[in-house]
Amino acid sequence: GPSLAPGARSEISALPEVALRLLARPGAVLAPALGERGPGIAMTSELDIFVGNTTLIDEDVYRLWLDGYSVNDAVALRVRSGILEQTGATAGVLQSDTMDHYRTFHMLERLLHAPPKLLHQLIFQIPPSRQALLIERYYTFDEAFVREVLGKKLSKGTKKDLDDISAKTGITLKSCRRQFDNFKRVFKVVEEMRGSLVDNIQQHFLLSDRLARDYAAIVFFANNRFETGKKKLQYLSFGDFAFCAELMIQNWTLGAVDSQMDDMDVDLDKEFLQDLKELKVLVADKDLLDLHKSLVCTALRGKLGVFSEMETNFKVCDPVQALPPKVLSAQPPASGAEDRTPKIPAPQNLSRGLVNVAAKLTHNKDVRDLFVDLVEKFVEPCRSDHWPLNDVRLFLNQYSASVHSLDGFRHQTLWDRYMGTLRGCLLRLYHD
């Protein structure tokens, strides 16, 4: 606490003496305290007073408050948990206890908006471990909620949708508002800062490393407005997107090449995105494309369970001409009959798909649709051919590495920067 001037007396240090003087039997008369004038005080009832200066935090009640429950709902849930039987307390005491905790949390909330203030304030005496718990849980969010707002602009327009999100996810509106306001608050504080996005979040909000990395992903997605809500992306979790965000922050942002750049971890490197057009030569030049395919197929022959599918779909093919004549003349199966006609190879070949994703990233809309394109052009074709994850990994590794053996290709560094990140993202996105 603050130092006191000589002769001054702390109110807290005086309280225990007051308490002792009030612990008297009915009818007892207390003599005036030293330095006081006047007659003693006649006591008419016995008082038990407990004095302490440590703020008590009940984790279970804190969770109920964070989840947006009213006092009455929180009391009902606590009763259901069997707390009255465990403690012997009455319903009235439980109601008062819950209200008291809610008042404390309400007073703490303004400090939780700027966590360093909680550490340096003197009103609430809270041990450091409890302070960390209060902050971490206040900023923790629900997976179902973050998936609904990830990549959207953190504005009033999105906030108007919280009623619908609450109804869809079953998360209380109050909790949705807290989580949204936390996302927006962190975004506003760190969006213009130099330096590591994760470090800035940890410094200003005192979050754990894991939670700070999650918030970095949320800020990065909000800034670049990546599409995450399309139906074909619903199978992806927040963790999938956060993993990809971390790779992109490390390799595709301004901060990946210059740690002194403004907003280095928030903005994608525009010059890098423009340069990606140079990679089109890998599919536009037939000799390079054929050599690239030959190198990949030679290295993977006998190692992939889906080798024939990979070989067929590596580069451009005419899906009609690729089939034997008897398939072309086959009639559609009768209604209800099993279709044994060989499947036509996916016209969206793998190499062209991966290179075209790169070449299109010069446009903001295509940047926003990055994950839609990755799923459409790579994940879905491989999934439809039942590629095992390990075959996907072997293919991507060889596909990336074999470019270094193409004598006519002059953009190896650019290719590595692009595919190093894309390979990691695709492996993460490739699941049911």
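Residues numbered from 1 in each chain as written. Predicted model: local features only at pLDDT ≥ 70, side-chain atom pairs only at ≥ 80, totals over all residues. Heavy atoms only, no water.

1. Describing empty space enclosed by the protein
In plain terms, the rule: Residues are said to line a cavity or pocket when one of their atoms sits within 4 Å of a point; the points come from a 1 Å grid over protein atoms alone, cavities being sets where a 1.4 Å probe fits but cannot get out and pockets being open sets with protein on both sides within 12 Å along at least five of seven lines. Grid points are joined across faces, edges and corners, and a volume is the space filled by probe spheres set on the points. Only DSSP runs of H or I reaching four residues or more are called helices, and only runs of E reaching two or more are called strands; each is numbered from the N terminus. Throughout this entry, Asp, Glu, Lys and Arg are counted as charged residues, while Ala, Val, Leu, Ile, Met, Phe, Trp, Tyr, Cys and Pro are counted as nonpolar. The remaining residues, Gly among them, count as polar.
By the definition in use, this model includes one cavity of 30 Å³ or more. Those elements that provide at least two residues to the lining of the largest cavity are helix H8 (143-149) and helix H13 (209-224). Here the lining of the largest cavity is built from residues that sort into seven nonpolar, one polar and one charged.

2. Digging into the packing of aromatic side chains
As a reminder of what qualifies: Any two of the Phe, Tyr and Trp rings considered here, Trp counted by its six-membered ring, make a pair once their centres fall within 6.5 Å; the pair's planes then place it as stacked at under 30 degrees, edge-to-face at over 60, or tilted in between. Each residue is placed in one exposure class: buried if its accessible area under a 1.4 Å probe, protein chains only, is under 20% of its type's maximum, exposed if it is over 50%, and partly exposed if it falls in between. The criterion is that NZ of a Lys, or CZ of an Arg, lies within 6 Å of the ring centre and within 35 degrees of the ring normal, and then a charge sits over that ring.
Under the defined criterion, the tally for this structure stands at 28 aromatic pairs. Consider the rings of Tyr138 and Tyr139, whose centres lie 5.4 Å apart with planes at 75°: the pair is edge-to-face. Given the relative accessible area of 1%, Tyr138 is considered buried. The rings of Tyr62, Trp65, Phe105, Tyr138, Tyr139, Phe141, Phe145, Phe183, Phe205, Tyr215 and Phe238 are connected pair by pair, giving a single aromatic cluster. Over the aromatic face of Tyr138 sits the side chain of Arg178, whose NZ or CZ is 5.7 Å from the ring centroid.

3. Here's the deal with the side chain of Ser166
We apply this condition: Definition of a polar contact: a pair of N or O atoms within 3.5 Å, with one able to donate and the other able to accept a hydrogen when the atoms are protein atoms, and with sequence-neighbouring residues admitted only if both atoms are side-chain atoms. Residue contacts are defined here by distance: any two heavy atoms, one from each residue, within 4.5 Å place the two residues in contact.
Relative to the helices and strands, Ser166 resides in helix H10 (residues 162-169). On the basis of relative accessible area, Ser166 is assigned to the buried category, the value being 13%. For Ser166, the side chain forms a polar contact with the main-chain nitrogen of Leu173, separated by 3.3 Å. Those residues in contact with Ser166 that lie beyond four places of it in its chain are Ile171, Thr172, Leu173 and Cys176.

4. Regarding the confidence of the model for the chain
Low-pLDDT portions of the prediction should not be read for the details of their coordinates. Formally: Values of pLDDT, ranging from 0 to 100, describe the predictor's confidence in every residue of the model.
Mean pLDDT over the chain: 84, with 78% of residues reaching 70 or higher. Within the chain, helix H2 (residues 59-66) carries the highest mean pLDDT (98), whereas helix H1 (residues 11-22) carries the lowest (35). Note that residues 1-36 has pLDDT below 50 and, in this model, 41 contacts with residues that lie over four places away or in other chains. The low-confidence segment residues 341-348, where pLDDT is below 50, has 13 contacts with residues more than four positions distant or belonging to other chains.

5. Focus on helix H22 (residues 370-384)
Filter applied, for reference: Any helix carries an expected span of 1.5 Å times its number of residues minus one.
An ideal rise of 1.5 Å per residue puts 21 Å on 15 residues; H22 measures up with 20 Å between its terminal C-alpha atoms. Of all 15 residues in H22, 11 are buried, a share of seventy percent or more. All of the buried residues along H22 are Leu370, Phe371, Val372, Asp373, Leu374, Val375, Lys377, Phe378, Val379, Pro381 and Cys382. Packed against the buried residues of H22 are H13, helix H14 (238-251), helix H20 (350-359), helix H21 (364-368), helix H23 (389-401) and helix H24 (412-429). Positive phi shows up at His386, right after H22, with a value of about 60°.

6. Concerning the environment of Val357
Turning to its location among the elements, Val357 is positioned in helix H20. For Val357, a relative accessible area of 2% corresponds to the buried category. For the pair formed by Val357 and Leu374, sequence separation is 17 residues and the distance between their alpha carbons is 7.5 Å. Discounting residues that sit within four places of it in the chain, Val357 has contacts with Leu370, Asp373, Leu374, Lys377 and Tyr418.

7. Points about the nonpolar core
To keep it simple, the criterion reads: Within this scheme, the nonpolar core is defined by two criteria: the residues are buried Ala, Val, Leu, Ile, Met, Phe, Trp, Tyr or Cys, and they are joined through side-chain atoms within 4.5 Å.
By size, the foremost hydrophobic cluster in this structure holds 112 residues, and its most contacted members are Met310, Phe395 and Tyr418. The element that contributes the greatest number of residues to this core is H13, accounting for 10 residues.

8. Some words on unusual backbone geometry
One non-glycine residue with positive phi stands out, namely Leu206, at about 55°. Its location among the elements puts Leu206 in the loop between helix H12 (197-205) and H13.

9. Here we look at the packing of H22 against H24
Test applied: Lines fitted to the C-alpha atoms define the axes, with helices restricted to the stretch that makes contact. Angles between their N-to-C directions range from 0 to 180 degrees. Geometric relationships in this document are graded by angle, where less than 35 degrees denotes roughly parallel, more than 145 denotes roughly antiparallel, 65 to 115 denotes roughly perpendicular, and other angles denote oblique.
Between H22 and H24, the least distance of the axes is 11 Å, while the angle of their chain directions is 75°. For the element pair H22 / H24, the angle class is roughly perpendicular. Contacts from Phe371, Leu374, Phe378 and Val379 of H22 reach H24 at Leu422, Leu426 and Leu429. When the residues that make up the contact of H22 with H24 are grouped by side-chain class, the tally is seven nonpolar, no polar and no charged.

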